[in-house]
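Residue-level structure breakdown
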Amino acid sequence: MSDDVGIKDFLTRLNQAESAGRAKVLVDFNKVTHISSPLPFESFKGQIAYIYLALVAALAIAARWVAGLTWTDTLIGLGGISVVYWVLGRMLLERRAKRQIVARLLSDGDAWEKLWRYGGITLRIEEPSGASAWVAPADRWKDAYRHLGD
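Rules and cut-offs
All residue numbers refer to position in the chain's written sequence, counted from 1. The predicted origin of the model limits local features to residues at a pLDDT of at least 70 and limits the giving and counting of side-chain atom pairs to 80 or more, whereas totals for whole chains, interfaces and linings rest on all residues. Excluding hydrogens and water, the side-chain values take into account all heavy atoms of the structure. The pLDDT value tells you how sure the predictor is about a given residue, anywhere from 0 up to 100. To qualify as a helix, a DSSP run of H or I must reach at least 4 residues; to qualify as a strand, a run of E must reach at least 2; elements of each kind are numbered from the N terminus. The bend reported for a residue corresponds to the angle between axes fitted to the seven residues ending at that residue and the seven starting there. Only protein chains enter the accessibility calculation, which uses a 1.4 Å probe. A residue is then buried if its area is under 20% of the maximum for its type, exposed if over 50%, and partly exposed in between. Note on definitions: a residue-residue contact is assigned when non-hydrogen atoms from the two residues lie within 4.5 Å. Residues belong to one nonpolar core when they are buried, are Ala, Val, Leu, Ile, Met, Phe, Trp, Tyr or Cys, and are joined through side-chain atoms within 4.5 Å. Two strands form a pair only when DSSP identifies at least two bridges running between them.

Re the confidence of the model for the protein chain
Looking at the protein chain, the pLDDT average stands at 92 and 97% of residues meet or exceed 70. When mean pLDDT is compared element by element in the protein chain, helix α4 (residues 71-107) scores highest at 96, while strand β3 (residues 130-135) scores lowest at 89.

A closer look at α4
Because each turn of an α-helix spans 3.6 residues, side chains separated by three or four positions end up pointing in the same direction. When the local axis directions of α4 are compared, the greatest deviation, roughly 40°, occurs at Tyr-85. Taken together, the buried positions of α4 are occupied by Thr-74, Leu-78, Ser-82, Tyr-85, Gly-89, Leu-93, Glu-94, Ala-97, Ile-101, Val-102, Leu-105 and Leu-106. On its buried face, α4 is in contact with α1 (7-19), β1 (23-27), α2 (29-32), α3 (43-66), α5 (109-118) and β2 (121-127).

Comments concerning the nonpolar core
The biggest cluster of nonpolar side chains holds 36 residues, and the ones touching the most others in it are Phe-10, Leu-14, Trp-112 and Leu-123. For this core, the secondary structure elements donating two or more residues are α1, β1, α2, α3, α4, α5 and β2. Looking at this core element by element, the count peaks at 7 residues for α4. If we skip the residues at most four places from it in the chain, Trp-112 touches Ile-7, Phe-10, Leu-11, Leu-14, Val-25, Leu-105, Leu-106, Ile-121 and Trp-141.

Comments concerning the pairing of β1
Here β1 shows a buried face lined by Ala-23, Val-25 and Val-27 and an unburied face lined by Lys-24 and Leu-26. Sheet topology note: the β1/β2 ladder contains 5 bridges and is antiparallel. Across the sheet, the residue bridging to Ala-23 is Ile-125, located in β2.

Here it is, written out as structure tokens:
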């Protein structure tokens, strides 16, 4: 039965189950954004770094020329801002990127199959008997089809 499952039908049912809160697609951000990933998601890491560099440059200019701070005070302030950015800002940007990756996977069957073969995806489905999980690439996503319901 699970071998006749079409990707389009699977993704339709997975989208319905996710909307109903019965299914969740989890993404290993570091794995799917690795340079060897079959899909071009590595740009998300670059965006996070570029946002940081722009923030540091803007704050350094503002601190030195607008506020008139010394270089020592500017660097201390930038150090504090850097810690906050890499702890909180990166977390928020990675969460946003994961949502975009999942949205792409749920709308594109080819992307789903390529990334499933590569790995970095976990599919969790809540059932009355408990939660079941399928981890790429060790498990087959087609085996999860019957657990998605109607």
